[in-house]
Amino acid sequence: MKIDVRSRELLEGKKKKYRLSHKFKVGLVTAALVLGIPGMMFLNSKNNRNETKDFGNPPPGIEEYEDVVLEDAVKGTVDEINNLNIIIDDGDCSDTFMEEVYNELENDGIKFKKSNKGNNINNDNSVVITLDQQYISGPGVLVIAPSNNNRNGNSDALALAMDTALYEKGFLTDGIECGIRGFREEDGKVVNRIPSKTEDSISKDKNTSFVTISFGTENINSELVVEAIENGLTRYNSYIQTNSKEDLIYRAMDDDDINKYAEMFNTTAERIRLTNKITGEVVPVDTTVKNPRVDLIRQFNKSVPVDLENVEKTKWAK
């Protein structure tokens, strides 16, 4: 049976709703110019009574967005996932929660090794997924990517794939953080960047992809967590088959001019601002800067579903 297969009609519906929302926004701008502010306020109040939802955060240019939305599902098989040498690391979760996650994965035929707090994860050619329930509280979910921009492996792709999968499964995602913001003392000096425990446990020269998924204390649905992991691994595996080596995520090392990142990602400063919600000309140190092209990559697009074969699921197989 297949997991997460959604009809083309659903994708078409999202596209039409986005078009309506896009046209209305254009109409508001026109109204402001032609009718002035009072006219725009009238149209806005009317729209509040007949609200049209805006799906996703597409990059500028509806033509680009349409092309992505109408793509076929990201496909994969359990056998392909099992070739990734997966390690599921218990960062600091309840025993009951982790046992449920392990059982769900095993029941779905996913092969993996177990780890606890970063022990025995310093393995080459592996994919390490650390689950944590201590970094944040409440209903949110934070994806923690490497803080070191020069790491081997495909950790950026793994972080983006997991962030997309969590969003698709309905989790309140807080985005991607390159390492953990905080303070600690090193060699008598206070530093404000703390790599995750997972990153500290893996040598820089290892060709290992890793990510930490920090669940708030209100996220205890192990079934949904497992579905998100399987979804994310399918997206990740599909992406790395393209052998793409482009930069996807970068942690700002200094207070840099935004044009530096525009040049780095071969785009414009405006696209950098829109994608990363950056204002002004300076990118503050430790900011997670995402390549604007990520939104156009099918495996990381939140409107493209996943089709994972040979997994016995019924809830999402519609």
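A short tour of the structure in this document, coming up. (Residues numbered from 1 in each chain as written. Predicted model: local features only at pLDDT ≥ 70, side-chain atom pairs only at ≥ 80, totals over all residues. Heavy atoms only, no water.)

**Here's the deal with the pairing of strand S2 (residues 86-92)**
Of all seven residues that make up S2, six are buried, and the element is covered over most of its length. Note that S2 and strand S3 (residues 112-116) share five bridges and pair parallel. Across the sheet, residue Ile 86 finds its bridge partner in S3, namely Phe 112. What joins S2 to S3 is helix H5 (residues 95-107), and the crossover it makes is right-handed. When S2 meets strand S4 (residues 127-132), the two strands line up parallel, connected through six bridges. (Buried < 20%, exposed > 50% of the residue type's maximum accessible area, 1.4 Å probe, protein only. Helix = DSSP H or I, 4+ residues; strand = E, 2+ residues; numbered from the N terminus. Pairing = 2+ DSSP bridges. Right-handed = clockwise from strand over helix to strand, strands pointing away.)

**Brief notes about the packing of aromatic side chains**
Counting across every chain of the model gives five aromatic pairs. Ring geometry for Tyr 250 against Tyr 261: centres 5.8 Å apart, planes inclined by 55°, an arrangement best described as tilted. Taken together, the residues Tyr 250 in strand S10 (residues 249-251) and Tyr 261 in helix H9 (residues 258-264) connect sequence positions eleven residues apart. Here Tyr 250 and Tyr 261 have matching classes, each one buried. Of the aromatic side chains, those joined through ring pairs into one cluster are Phe 97, Phe 171 and Phe 215. (Phe/Tyr/Trp six-rings, centres within 6.5 Å; stacked < 30°, edge-to-face > 60°.)

**What about a negative patch on the surface?**
Residues Asp 95, Glu 99, Glu 100 and Glu 106 make up a contiguous surface patch of negative charge. Following the sequence through the fold, Glu 106 ends up in helix H5. Look at Glu 106 and you get partly exposed, because its relative accessible area is 42%. (Patch = residues over 30% accessible without salt bridge, like charges linked within 9 Å, V, L, I, M, F, W, Y side chains within 5 Å. Areas by Shrake-Rupley, 256 points an atom, 1.4 Å probe, with all protein chains shown as cover. Salt bridge = Lys/Arg side-chain N within 4 Å of Asp/Glu carboxyl O. Lys, Arg positive; Asp, Glu negative; His and termini not counted. Charge placed at Lys NZ, Arg CZ, Asp CG, Glu CD.)

**Focus on the pattern of salt bridges**
In this structure the tally under the stated criterion is ten salt bridges. The partner of Glu 168 in a salt bridge is Arg 235, and the shortest N-O contact between them spans 2.5 Å. Of the two residues, Glu 168 sits in helix H6 (residues 155-168) while Arg 235 sits in helix H8 (residues 222-240), which places them 67 residues apart along the sequence. Just as Glu 168 is buried, Arg 235 falls in that class too. A salt bridge links Glu 246 to Arg 293; the nearest nitrogen and oxygen atoms lie 2.9 Å apart. Of the two residues, Glu 246 is situated in the loop between H8 and S10 and Arg 293 in the loop between strand S13 (288-290) and strand S14 (306-309); the sequence distance between them amounts to 47 residues. With a relative accessible area of 28%, Glu 246 lands in the partly exposed category. Its relative accessible area of 41% is what places Arg 293 among the partly exposed residues. Here the salt bridges do not stand alone but share partners, grouping Glu 270, Arg 273 and Glu 281 into one network.

**Considering unusual backbone geometry**
With a phi angle near 60°, Asn 120 is a residue other than glycine that sits in the positive phi range. Within the secondary structure, Asn 120 sits in the loop between S3 and S4. Although it is not a glycine, Asn 125 sits at a positive phi angle of roughly 55°. Counting through the fold element by element, Asn 125 comes out in the loop between S3 and S4. Residue Asn 125 is classed as partly exposed on the basis of its relative accessible area of 46%.

**Things to note about the packing of H5 against H8**
Where H5 meets H8, the axes come as close as 9 Å, and the angle between the chain directions of the two elements is 50°. On the basis of the axis angle, H5 is oblique to H8. The chirality of how H5 crosses H8 is right-handed. Side by side, H5 and H8 meet where Phe 97, Glu 100, Val 101, Glu 104 and Leu 105 of the first sit next to Ser 222, Glu 223, Val 225, Val 226, Ile 229 and Glu 230 of the second. Split by residue class, the contact of H5 with H8 holds six nonpolar, one polar and four charged. (Axes fitted to C-alpha atoms, helices over the stretch in contact; angles between N-to-C directions. Parallel < 35°, antiparallel > 145°, perpendicular 65-115°, else oblique. Left-handed = near helix turned anticlockwise from the far one by under 90°. Contact = heavy atoms within 4.5 Å. Nonpolar A, V, L, I, M, F, W, Y, C, P; charged D, E, K, R; others polar.)

**Some details on the nonpolar core**
By size, the foremost hydrophobic cluster in this structure holds 51 residues, and its most contacted members are Ile 88, Ile 129, Leu 131, Leu 233, Leu 248 and Phe 300. Top contributing element to this core by residue count: H8, with nine residues. Aside from chain neighbours lying at most four places away, what touches Leu 233 is Ile 81, Leu 84, Ile 86, Val 127, Ile 129, Leu 158 and Met 162. Judged by nonpolar contacts, the second largest core, of eleven residues, contains Tyr 250, Ala 252, Ala 262 and Ile 272. (Core = buried A, V, L, I, M, F, W, Y, C linked by side-chain atoms within 4.5 Å.)

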